[in-house]
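Structure assessment
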Amino acid sequence: MTHADQIREDRVEAALGKLDLDTKARLLAGQDMWTLPAVPEIGLGSLVMSDGPVGVRGVRWTTDDPSVALPSPTALAASWDPETARRAGRLLAQEARRKGVHVVLAPTVNLHRSPLGGRHFECYSEDPFLTGAIGTGYVLGVQEGGVGTTVKHFAGNDAETERFTVDNRIAGRALRELYLAPFAAIVKDARPWGVMTAYNRVNGTTMTEHRHLVEEVLRGEWGFDGANVSDWMAARSTAGCILGGLDIAMPGPQTVYGPALAEAVRSGEVPEAAVDAAVRNVLRLAARVGLLDGAPAAVTGLPEPVDGQALARETAARGFVLLRNEGGTLPLSSGRLPLPSGALPSAGALPPSGTLPPPSGAGPTVALLGAAARDARVLGGGSATVFPERIVSPLDGLTAALPPGSLRYAVGADPSDELTPAGQGFELRAVCRDATGTVLGEGSLPTGQVQWIGDDLPAGATYETMASIEVTGTFTPRETGEHAFGTRGLGAFTLTVDGAAVWEGVQRMGEEADPFEAFFGAPSERGRVSLEAGRPVRVSLLFHVPDLSTLPLKAVMFSLLHLGPRRDPDELIAEAVEAARAADTAVVVVATTERVESEGFDRKDLKLPGRQDDLVRAVAAVNPRTVVVVNAGSPVELPWREEVAAVLLTWFPGQEGGAALADVLLGAREPGGRLPTTWPAVLADAPVTEVVPVDGRLEYREGVFIGYRAYERAGTEPAYAFGHGLGYTDWSYESLEVTSGTGGPGGPGGPGATVRVRLANTGTRPGREVVQVYLVPAGDGETADVRDRTPGRLAGFAAVEAGPGETVETEIELPGRAFESWDEEAGRWRRTDGAHLVRAGRSYADTRLTATLHL
Ligand code: BGC
C-alpha cells in the first residue's frame, strides 16, 4: 500500500464512522438512472456512471451531447494490442471527464461462447487470455485518466435469451479456465475500481447474490478491492444482495437498498457490518475518482490529451482483418489508383444517394455498392450506443480519398427491411404538454427516438404534469415512392403524416417482453404514405403519457420509425452489376442491421440479411476484382468467399470507419487486425449453436471446448481460423527458442516460460505482424480420452514491426497459469505435467515453428 493509499483508506474509515445507518443504506442505492447521492456532511460528491464501452454517452440519451465513438470491442480485440486498448481507455477517460462522469460501465469481458450471442460485438473474444489482455489494457487506460471502470458482466453473461433469469450451468473447470479467467487477469494486472454483476444465475444462484463467486473468489482469492455494482435492475433481494457482496443497487430511486436495507438491519435480518463493508467499497471508489474531500484521488497528473477523431481512425484500421487477398488485389493504390489526398468532408456534406457524377472515363474507377456503404453501421445496438458528432461512411471516406469522377455508388441491396428511428431527412423536436394542452417544455430531437430517463426531461416538463409528448417536425424524402411509418414502445399513439392521420392505437406489452422493450422491441409498421423526393412534409407522433407512478424507474421511451421506399431487389442488383462491370474494381459493403446484432436478444442465424449474398455473387460474376467489406460485429456466413478477390472485415468500425476504410483500401495504412474469434463457414459448424434455455437452464455442456479448441476436437475446418489476418507484406518465421521456469510473473500459476521468436519481413512493404504462441500439452499422448485432454491454448502474443527485408526478434512471456488446469475434484489449479509443445505462428491453424518444452 502506498502512502496515498493509506491516507485514502484512513479518510474512508473516518467518513464511514460519521454516517448513520439510513445514510449508509441510501448511499448504496442509485438516486436515479446513473448517479449515487452526494453526502455533503462527509464531503462526498455524487458519483456519476455511464456506458461504455465504445464511447461515453453521459447521463443523457441524446445527440445533443455527442461522444466520440471508437470501434466496437470485437474490433478492438482484433488489434491484438493491449496498448491500443489502453490508448482507447485514455480517450474514454477524457470523454468521461468532459461529461462529468466518474465511472465508465465497461469493459464487457464475457466470452464468445456462441456466435449467436446478441452482445457478441460488445465482447472481445472466444479466448480468455486475449480477452484478459485487451481488457487489462482498457482498464489501465481509463483509470490512468482518473476514471473508474466496472468490468462486466460478472459472470457467465454470454447470451441474451431470458437474460434476466437464465441459470447458466457451468462446471468448475470451464468456469475457472474460461469464464472467470478474464476477470481474474484484469483484477490481477489492472486492479479495476469496479465490477458489474450480471443479470443471470450461475449454477443456481443469481449473480447479484453470488456470495461464493463475489466474496470468496473475486474478493477473497483475487484480492479485488473495488465496488460491485449490479447490472441495471439486476438486484432483486435486499438481504440476498448485501450478504452476497453486492455494494451498489442500480438504478434508482426504487431499489432493494436504501430504506429497505436500513429496515433489514433494524429487523436483524442483515448485520450492519455487511452494510459497512459495502459502504467502505463505495467510499473507496469515490475517493479514487476524487469525490471524497480530504482523500487523495488515485490519479493527480492527467495523461496528455488524445485527439479522438484521429484515434478512432487509427484504431479502426488497426482492427480491420484482411481475410482474403487473392493476387494482391489490395491495396488498390499499387499503380491502379492515386493515393488519397485532401481532407475528408464533414458528415452529410456528400450527396446522399446515387446522385454522384458518373465516372469521367479517364483512369481506373471504383464501383462502391451496398446500402451500408452510404448509411454506415458504426456501432452495435443497446446500452453500448453512443451518439457521435459525425459519421464517416465508406462513401464519404472513399469520395474524399479518390480523384473526382473515379467513384460510382449504387445501393445494390438494402438489408434493412425493418423500420428504424426516423433519422435521415427528418428535422424533429419533442413538445411536452399538460392535460389542458399547454406547452410545458420542448427540446430538439436528433432522431425519432425519445429516451428520457430520470430527470432527463426538457426544461419545464415533469413526469407529474406531462400528459402528452409530440414528436413533430418535417421530413424531406430523398426518394420518391411509398414511405412506411411506424412506432416502437408501449402506450397510446396518434401518427400523422402530411396532414393525414396514419394510425391511432395502443401498443401493449407482450407476455415475454423485455422490460427494455422500447430499446430492443420489434418495430411496428403503422401505415404507408406516397411522398416525393425533395418535397418536405409535416410529421407528428403524439404519445399519451401513461401513469408512471408504479414503475421502478421514471422514464419515457418510444420512437417514431421510418423506412424509405422499397425498390425491386432484382432491379437494385442489376444496377449494381452494371456499375461493377464498368469499373476497374468493385467494392461491396455488406452488413448486419440493428435488428440482427444488439443487446436484448440473440441471433437466430448467421446469414447476411436481405439479398446481400446475391448481390456479392452477381457482382463477382462480372468483376474479377471484387472486394467485399464486411461491416458486422460478429461472424456472418460468407458463402461466396472463394469467389471474390478480397474480403476485408471492418466490424463496427466507429465514427471514422469510412476514413479508415479509404486508408486501408488505398494502402495508406495496413489492415492490422487478426481474428479474435474463429469464423465458422456455416452456423452448424460453430461449437455452440444453442443459446435458448430449457426450463430456465442453459447447460454449458461443451465444458472447456469453445472456440478454436472445439473446432480442433471436432475436426471441423472453419472459414477462417482464430488469429487469422493478412497484412500487406509477408513474413518468414526463422527461429523459436524457449526457456522454461523464467517467464511470466510467477504468482499463483508458478513460473512460466520465455519464448524468443525471430522473423523476417519478406515482402515489399513495411508491416506489422502479430506473433502468436500456442501451448499444447503433449505428455499424455494418444491414450488419453480426447474429451478430457487439455486443449491447446493461446499462451502469449506480441506485435512486431519491420521494414522490407528486415529481421526482428521478439520475446514473449508465457504466464505460469498457461501451464495449469483447474482440478475440479480438488478445487484448485494443477500444473499439467510432462512435455508441452510450444507453437509460434500466424494463427491457430497456421503455426510456423514448434519447440518442445519439458517443465
Ligand atoms: C446492460 C449493461 C449496461 C446497463 C446500463 C444493462 O441493460 O446489460 O451492460 O451497463 O444496462 O445501461
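Residues numbered from 1 in each chain as written. Predicted model: local features only at pLDDT ≥ 70, side-chain atom pairs only at ≥ 80, totals over all residues. Heavy atoms only, no water.

1. Structural notes on the packing of aromatic side chains
Counted by the stated rule, this structure contains 23 aromatic pairs. The interplanar angle of 70 degrees and the centroid separation of 5.7 Å between the aromatic rings of F121 and F652 together place this pair among those described as edge-to-face. Highlighted residues: F121 in the loop between strand 2 (103–104) and helix 5 (128–144) and F652 in the loop between strand 26 (646–649) and helix 18 (657–665), separated in sequence by 531 residues. Both residues of the pair, F121 and F652, count as buried. Ring centres 4.3 Å apart and planes at 20 degrees place the aromatic pair F543 and F558 in the stacked group. Residue F543 is located in strand 22 (residues 537–544), and its partner F558 is located in strand 23 (residues 555–563); the two are separated by 15 residues in the primary sequence. Of the two residues examined, F543 and F558, each falls in the buried class. An aromatic cluster of three or more residues is present, and its members are W80, F129, Y708, F722, Y774, F797 and Y844. The positively charged end of R713 is found above the aromatic ring belonging to F705, 4.1 Å away from the centroid. (Phe/Tyr/Trp six-rings, centres within 6.5 Å; stacked < 30°, edge-to-face > 60°. Helix = DSSP H or I, 4+ residues; strand = E, 2+ residues; numbered from the N terminus. Buried < 20%, exposed > 50% of the residue type's maximum accessible area, 1.4 Å probe, protein only. Lys NZ or Arg CZ within 6 Å of the ring centre and 35° of its normal.)

2. Here's the deal with unusual backbone geometry
In this structure, G52 follows D51 across a cis peptide bond, with omega equal to 0 degrees. Residue placement: G52 occurs in the loop between strand 1 (49–50) and helix 3 (73–78). The amide bond that connects G52 to the next residue, P53, takes the cis arrangement and shows omega of -10 degrees. Considering the arrangement of structural elements, one finds P53 in the loop between strand 1 and helix 3.

3. Quick look at the domain arrangement of the chain
According to the domain assignment, the chain contains domain 1 (3–288), domain 2 (310–413 + 568–674), domain 3 (420–563) and domain 4 (729–854). Each of domain 1 and domain 4 was reduced to a C-alpha centroid, and the two centroids are 32 Å apart. At the junction of the two partners, domain 1 supplies 14 residues and domain 4 supplies 19 residues. At the boundary of domain 1 with domain 4, total buried surface from both sides reaches about 1,300 Å², with 63% on carbon and sulfur atoms. At the boundary of domain 1 with domain 4, the tally comes to two salt bridges. With its nearest N and O atoms 3.9 Å apart, the salt bridge here joins R768 to D81. Linking domain 1 with domain 4 are four residue pairs in polar contact (both at pLDDT 80 or more). Those elements that provide at least two residues to the side of domain 1 that touches domain 4 are helix 5 and helix 6 (172–179). In terms of residues, the side of domain 1 that touches domain 4 owes the most to one element, helix 6, which gives four residues. Residue composition of the side of domain 1 that touches domain 4, grouped by class: six nonpolar, two polar and six charged. (Domains from an automatic or database assignment. Contact = heavy atoms within 4.5 Å. Buried area = accessible area lost by both parts, 1.4 Å probe. Salt bridge = Lys/Arg side-chain N within 4 Å of Asp/Glu carboxyl O. Polar contact = N/O pair within 3.5 Å; in protein donor to acceptor, adjacent residues only side chain to side chain. Nonpolar A, V, L, I, M, F, W, Y, C, P; charged D, E, K, R; others polar.)

4. What to know about the side chain of D167
Here D167 lies in strand 5 (residues 167–169). Take D167: its relative accessible area is 7%, and that puts it in the buried class. Here G204 takes part through its backbone nitrogen, which lies 2.7 Å from a polar atom of the side chain of D167. Sequence-distant contacts of D167, that is, excluding residues within four places in its chain, are made with R201, V202, N203, G204, G696, R697 and L698.

5. With respect to the site of the ligand
Around the ligand, the structure places 13 residues, and the nearest of them are D51, R119, H153, Y199 and D231. Residue K152 places a side-chain N or O atom 2.9 Å away from an oxygen atom belonging to the ligand. For the ligand, an oxygen atom lies 2.9 Å from a polar atom in the side chain of E599. Residue composition of the shell around the ligand, grouped by class: five nonpolar, two polar and six charged. (Near = heavy atom within 4 Å.)

6. Some details on the nonpolar core
For soluble globular proteins, the rule of thumb is that nonpolar side chains tend to be buried together. Core analysis: the biggest nonpolar cluster contains 67 residues, and Y138, F154, Y179 and W222 have the highest contact counts within it. Once you skip the residues sitting within four places of it in the chain, W222 turns out to touch F154, R176, L180, F183, A184, V187, R191 and V217. (Core = buried A, V, L, I, M, F, W, Y, C linked by side-chain atoms within 4.5 Å.)

7. Focus on the pattern of salt bridges
Counted by the stated rule, this structure contains 62 salt bridges. In this structure, E314 engages R87 in a salt bridge whose closest nitrogen and oxygen atoms are separated by 2.9 Å. Taken as a pair, E314 in helix 12 (residues 308–319) and R87 in helix 4 (residues 82–98) lie far apart in primary sequence, 227 residues in all. Here R173 ties to E177 by a salt bridge, and the two come within 2.9 Å at their closest N and O atoms. Of the two residues, R173 and E177 are both situated in helix 6; the distance of four residues between them amounts to about one turn of the helix. One network of salt bridges, with partners in common, ties together R119, E122, E160, R163 and E599.

8. Quick notes on the sheet that holds strand 25 (residues 626–631)
Taken together, the six strands give an open sheet; going across it, the order is 10-26-25-24-11-12, and neighbouring strands pair in mixed fashion. Each edge of the open sheet is held by one strand with a lone partner, namely strand 10 (321–325) and strand 12 (407–410). Averaged over all adjacent pairs, the angle separating strand axes in this sheet is 15 degrees, with direction ignored. Pairing geometry for strand 10 and strand 26, over four bridges, is antiparallel. The partner of N325 across the bridge, within strand 26, is A646. Where helix 16 (residues 569–582) meets the sheet, it contacts strand 11 (366–369), strand 12 and strand 24 (585–591), and its direction lies at approximately 160 degrees from that of strand 11. (Pairing = 2+ DSSP bridges. Axes fitted to C-alpha atoms, helices over the stretch in contact; angles between N-to-C directions.)

9. Details of helix 16
Compared with an ideal rise of 1.5 Å per residue, which puts 14 residues at 20 Å, helix 16 spans 20 Å between its outermost C-alpha atoms and is within 8% of the ideal. Within the span of helix 16, buried status applies to L572, I573, A576, V577, A579 and A580. Axial view of helix 16: buried residues confined to an arc of 165 degrees, hence all on one face. Looking at the buried side of helix 16, the elements it contacts are strand 11, strand 12, strand 24 and helix 17 (612–622). (Expected span 1.5 Å × (residues − 1). Arc of directions from axis to C-beta.)

10. Overview of the sheet that holds strand 1
Overall, parallel pairing links the three strands, which are arranged 1-2-3 in an open sheet. Here the strands that pair on one side only, and so sit at the sheet edges, are strand 1 and strand 3 (148–149). In terms of strand pairing, strand 2 meets strand 3 through two bridges, oriented parallel. From the neighbouring strand, V103 faces strand 3, where its bridge partner is G148.

11. Section: the packing of helix 1 (residues 3–17) against helix 11 (residues 272–288)
Packing of helix 1 against helix 11 leaves a shortest axis separation of 9 Å and a crossing angle of 130 degrees. In terms of their interaxial angle, helix 1 and helix 11 are classed as oblique. When you trace helix 1 past helix 11, the crossing you get is right-handed. Here R8, E9, V12, E13, A15 and L16 of helix 1 lie close against helix 11, whose contacting residues are D276, V279, R280, L283, R284, A287 and R288. A breakdown of the residues in the contact of helix 1 with helix 11 according to their chemical character gives six nonpolar, no polar and seven charged. (Parallel < 35°, antiparallel > 145°, perpendicular 65-115°, else oblique. Left-handed = near helix turned anticlockwise from the far one by under 90°.)

12. Structural notes on the pairing of strand 26
Going residue by residue along strand 26, you find A646 and L648 tucked away on one face and V647 and L649 tucked away on the opposite face as well. Inspection of the sheet shows strand 25 paired to strand 26 by four bridges, in the parallel sense. Bridging across to strand 26, V629 finds its partner in L648.

13. So, the environment of M33
Tracing the backbone through its elements, the reader meets M33 in the loop between helix 2 (21–27) and strand 1. For M33, a relative accessible area of 5% corresponds to the buried category. Placed 90 residues apart in sequence, M33 and C123 show a C-alpha to C-alpha distance of 24 Å. With residues up to four places along the chain from it excluded, the contact list for M33 reads W232, M250, P251, G252, I453 and L553.

14. As for helix 12
Its 12 residues give helix 12 an end-to-end C-alpha distance of 16 Å, which sits within 8% of 16 Å, the value for a rise of 1.5 Å per residue. Three or more residues of helix 12 are buried, namely G308, L311, A312, T315, A316, A317 and G319. Elements that come into contact with the buried residues of helix 12 comprise helix 3, helix 4, strand 10, strand 26 and helix 18. Of the residues that open helix 12, the one with a side-chain oxygen 3.1 Å from the backbone nitrogen of Q309 is D307.

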